[in-house]
Amino acid sequence: TVNVKINGISIDVPKGSTILEAARLAHIEIPTLCYLKEINEIGACRICVVEVKGARSLVASCVYPVAEGMEIRTDSPKVLASRRHTLELILSDHDRKCLSCVRSGSCELQKLCYDLKVENETAYEGERNEYELDGSSAHMVRDNNKCILCRRCSAVCEHVQGIGVIGANERGFKTNISCAFEMDLAETSCVSCGQCIAVCPTGALYEQDHVDEVFAALNDPHKYVIVQTAPAVRAALGEAFGLPIGTNVQGKMVAALRRLGFDKVFDTDFAADLTIMEEAAEFIDRVQNGGVLPLITSCSPGWIKYCEHYYPDMLDHLSSCKSPQQMFGAITKTYYANKMGLDPEKIVMVSVMPCTAKKFEIGRDDQNAAGLPDVDISITTRELARMIERVGLNFHALPDEEFDDPLGRSTGAGVIFGATGGVMEAALRTAVETLTKEELPSPDFTEVRGTAGVKKATYHVAGMDINVAVASGLNNARTILEEIKSGKSNYHFVEIMACPGGCVNGGGQPHQPANVRNTTDIKALRAKALYDIDTLMPLRKSHENPAIKQLYEEFLEEPGSHKAHDILHTSYVK
Ligand code: HC1
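None of these values were measured; they are calculated from a predicted model.

Things to note about the overall build of the protein
Right, on to step 1. Helix and strand content of the protein: 19 helices and 17 strands.
Right, on to step 2. At 25 Å, the protein has a C-alpha radius of gyration in line with the 25 Å of a compact globule built from 574 residues.
Right, on to step 3. C-alpha extents for the protein along the principal axes are approximately 75 × 55 × 50 Å.
Right, on to step 4. For the protein, the proportion of its 574 residues judged to be buried stands at 51%.
Right, on to step 5. When contacts within the protein are restricted to residue pairs at least 6 apart in sequence, long-range pairs at least 24 apart make up 74% of them.

In structure tokens, the structure reads:
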């Protein structure tokens, strides 16, 4: 350790710490703007400056290492004045239409201006850049008028996802974050994961907002509006209302959706169970009949887009199963509509997802089992929170309610889909019991749990070794894909999710500011909420779901049947 003095208090801190880290150990949170731990450590924004005795100028604490005997001031008038000036300079080229900004209340720039009492927004008024919005893609909008050039978005795109479709163009005052050759985002090989939105401190990046469309459907007496909620939404929606990260709010979420006026409140987890039935059958078929291995999961649309753009030669590995979101819509507009005597044309299928790529997925080809789009509108967890706020529901006071039957029934296997490794574990629970024709001593496959970016395991099943791998985050996916291509590995089954940690950390989840992201394992806390639900479920294997059994008896016949293929499977494009 080294001994330093921070604001007059002596403290021992690990050698090699930055001043920012050292101050945290002294219970001082130095404000930051561009800094994202291990992702964007560039010391560029100058908000985290501090005084170091003997140094010629203020130093950026996020990148400046401590040294024995260092004397640091994080709170001097000089420091605070510098931060204030920096904020005034940022505001001088910032669209300050803040009142109705999508990030009002969760904007990190707004909070800093409040904390530092930046009263004069026009201190450096002068020339302003004016940018057109880029709303070209199905999933998001880029508004450079609100961009503060922190580069968190480009860092996460390049360093976490290995894609790099946005970055700094031009120089000096004209510097802006955009795509190469000023292309629209839709023209690039962006995969729609929305991780850039999740880390953006301001309203420069946000999802395409479909809240008005949902309200319009709810207010249309001729429409029958059905909602499905993804596994990971229940583990994060509460954060938008100030609840601790990892609070399971399933019951209040259902109650809120009912009060918003949805005709049926169903659960994507049901379709996750259905996906497992189809995918486990596909896996067993490929193993027993010499099909392409490894089989790779297909429920994450960001991952599918990535595979299509970057690994088109590996599309044969993808499961042909539609994602649970799409299977849900397909079953709703065929089986359920028929069963309930509903006209599929009048059904509006809304999905609530932790994901921005789902907005893109609903418009893909070959996703219309009833001759209509399987899903009509996909909104994010954040958009649902905004709907709840708009109509003034007191989320905290809502009772806990249950999903409707029968498409609200699910098992523990369905709910863990939302965490990395969950799809693999759910599939193994069913595939192993199908292959061995014996009941598992325990449904837990703990080797594929946890937030590590890559996980591997081998299971001995029915006389053979089944090698599995799980990757989340596209850089990690690339590692596994390269292994497969080079022939170095012999996997039978691989799960890939585009977002690091899986859907719990999707690009559509409630924002958490950088200081929380830098110090808390958000994805682990949210995942724990899902595994806790699984543990408490009376049924934990997809093939035990009574509503799924009934669906096959009444309609689909058996997993992998001709009918199931027509309705629940899809294809990919190079
Ligand atoms: Fe997911 Fe899925 S788990 S992709 O992560 O397979 O988004 O939560 O809904 O479709 O079920 C997301 C989550 C989600 C699908 C399921």
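That was the structure; now back to the text.
Considering the environment of I226
Right, on to step 1. Summarising the element assignment, I226 is placed in strand 10 (residues 224-229).
Right, on to step 2. The class of I226 is buried, set by 25 C-beta atoms lying within 10 Å.

Here's the deal with the nonpolar core
Right, on to step 1. Core analysis: the biggest nonpolar cluster contains 170 residues, and A427 and L530 have the highest contact counts within it.
Right, on to step 2. If sequence neighbours within four positions are ignored, A427 has contacts with I276, E279, A280, F283 and F493.

Regarding the domain arrangement of the protein
Right, on to step 1. Taken domain by domain, the protein holds domain 1 (2-75), domain 2 (91-207) and domain 3 (212-568).
Right, on to step 2. Computed over C-alpha atoms only, the centres of domain 1 and domain 3 are separated by 42 Å.
Right, on to step 3. Taken together, the five residues of domain 1 in the interface contact four residues of domain 3.
Right, on to step 4. Class assignment for the residues of the side of domain 1 that touches domain 3 results in two nonpolar, one polar and two charged.

A few points about the site of the ligand
Right, on to step 1. A230, A232, C299, C355 and C503 are the nearest of the 19 residues found near the ligand.
Right, on to step 2. When contributions to the shell around the ligand are tallied by element, the ones reaching two or more residues are helix 8 (268-288) and helix 10 (324-340).
Right, on to step 3. Considering only residue class, the shell around the ligand consists of eleven nonpolar, seven polar and one charged.

As for the environment of S178
Right, on to step 1. Here S178 shows up in strand 8 (residues 176-178).
Right, on to step 2. Sequence separation between S178 and D134 is 44 residues, and the spatial gap between their C-alpha atoms is 9.3 Å.
Right, on to step 3. S178 has contacts with I166 and N169, leaving out every residue within four places of it along the chain.

Side note on the sheet that holds strand 4 (residues 59-60)
Right, on to step 1. The strand order 2-1-5-3-4 describes an open sheet built from five strands, whose pairing is mixed. Taken across any chain shown, the strands that pair with only one partner, and hence form the sheet edges, are strand 2 (9-13) and strand 4.
Right, on to step 2. Alignment of strand 1 (residues 2-6) against strand 5 (residues 71-73), held across two bridges, turns out to be parallel. Looking at the pairing, I6 lines up with I72 of strand 5.
Right, on to step 3. Together, strand 3 (49-52) and strand 5 form the strand contacts of helix 2 (residues 77-92), whose direction differs from that of strand 3 by roughly 155°.

A look at helix 3 (residues 108-115)
Right, on to step 1. Every buried residue of helix 3 is accounted for by E108, L109, L112 and C113. An end-on view of helix 3 places all buried positions within 140° of arc, on one side of the element. Those residues of helix 3 that are exposed and angled more than 90 degrees off the buried face are Y114 and D115.
Right, on to step 2. The inward-facing, buried residues of helix 3 abut helix 2 and helix 16 (514-517).
Right, on to step 3. K117, located one to two residues past helix 3, shows a positive phi value of around 55°.

Overview of the pairing of strand 3
Right, on to step 1. As paired strands, strand 3 and strand 4 are joined by two bridges and run antiparallel to one another. Bridge assignment links V50 to a residue of strand 4, and that residue is V59.
Right, on to step 2. As consecutive antiparallel partners, strand 3 and strand 4 are separated by six residues, and within that stretch G54 has a phi angle of approximately 95°, a positive value.
Right, on to step 3. Both strand 3 and strand 5 contribute to a ladder of two bridges, which runs antiparallel. Residue pairing for strand 5: V52 is matched across the bridge by I72.

Here's the deal with the confidence of the model for the protein
Right, on to step 1. Of the residues in the protein, 100% reach a pLDDT of 70 or more, and the chain-wide mean stands at 97.
Right, on to step 2. Both scores are given for the predicted complex: the pTM is 0.97, the ipTM 0.94.

A short note on the packing of helix 8 against helix 10
Between two packed helices, the angle of one axis relative to the other and the distance separating the axes together describe the packing.
Right, on to step 1. Following both chains from N to C, one finds helix 8 and helix 10 inclined at 100°, their axes separated by 8 Å at the closest point. With respect to their mutual orientation, helix 8 and helix 10 come out roughly perpendicular. For the pair helix 8 and helix 10, the contacting residues are T268, F270, A271, A272, L274 and T275 in the first and P324, Q325, M327, F328 and I331 in the second.
Right, on to step 2. By residue class, the composition of the contact of helix 8 with helix 10 is eight nonpolar, three polar and no charged.

Quick notes on the pairing of strand 2
Right, on to step 1. As judged from the five bridges shared by strand 1 and strand 2, these two strands associate in the antiparallel manner. Residue K5 lies in a different strand from strand 2, and its bridge partner there is S10.
Right, on to step 2. Where strand 1 folds back onto strand 2 in an antiparallel hairpin, the turn is made up of two residues, including N7, whose phi is positive at roughly 50°.

What counts, and where the lines are drawn
- Residues numbered from 1 in each chain as written.
- Predicted model: local features only at pLDDT ≥ 70, side-chain atom pairs only at ≥ 80, totals over all residues.
- Helix = DSSP H or I, 4+ residues; strand = E, 2+ residues; numbered from the N terminus.
- Rg over C-alpha atoms; globule rule 2.2 N^0.38 Å.
- Buried ≥ 20, exposed ≤ 12 C-beta atoms within 10 Å, placed from the backbone.
- Contact = placed C-beta atoms within 7 Å.
- Core = buried A, V, L, I, M, F, W, Y, C linked by C-beta atoms within 7 Å.
- Domains from an automatic or database assignment.
- Nonpolar A, V, L, I, M, F, W, Y, C, P; charged D, E, K, R; others polar.
- Near = placed C-beta within 6 Å.
- Pairing = 2+ DSSP bridges.
- Axes fitted to C-alpha atoms, helices over the stretch in contact; angles between N-to-C directions.
- Arc of directions from axis to C-beta.
- pLDDT = per-residue confidence, 0-100.
- Parallel < 35°, antiparallel > 145°, perpendicular 65-115°, else oblique.

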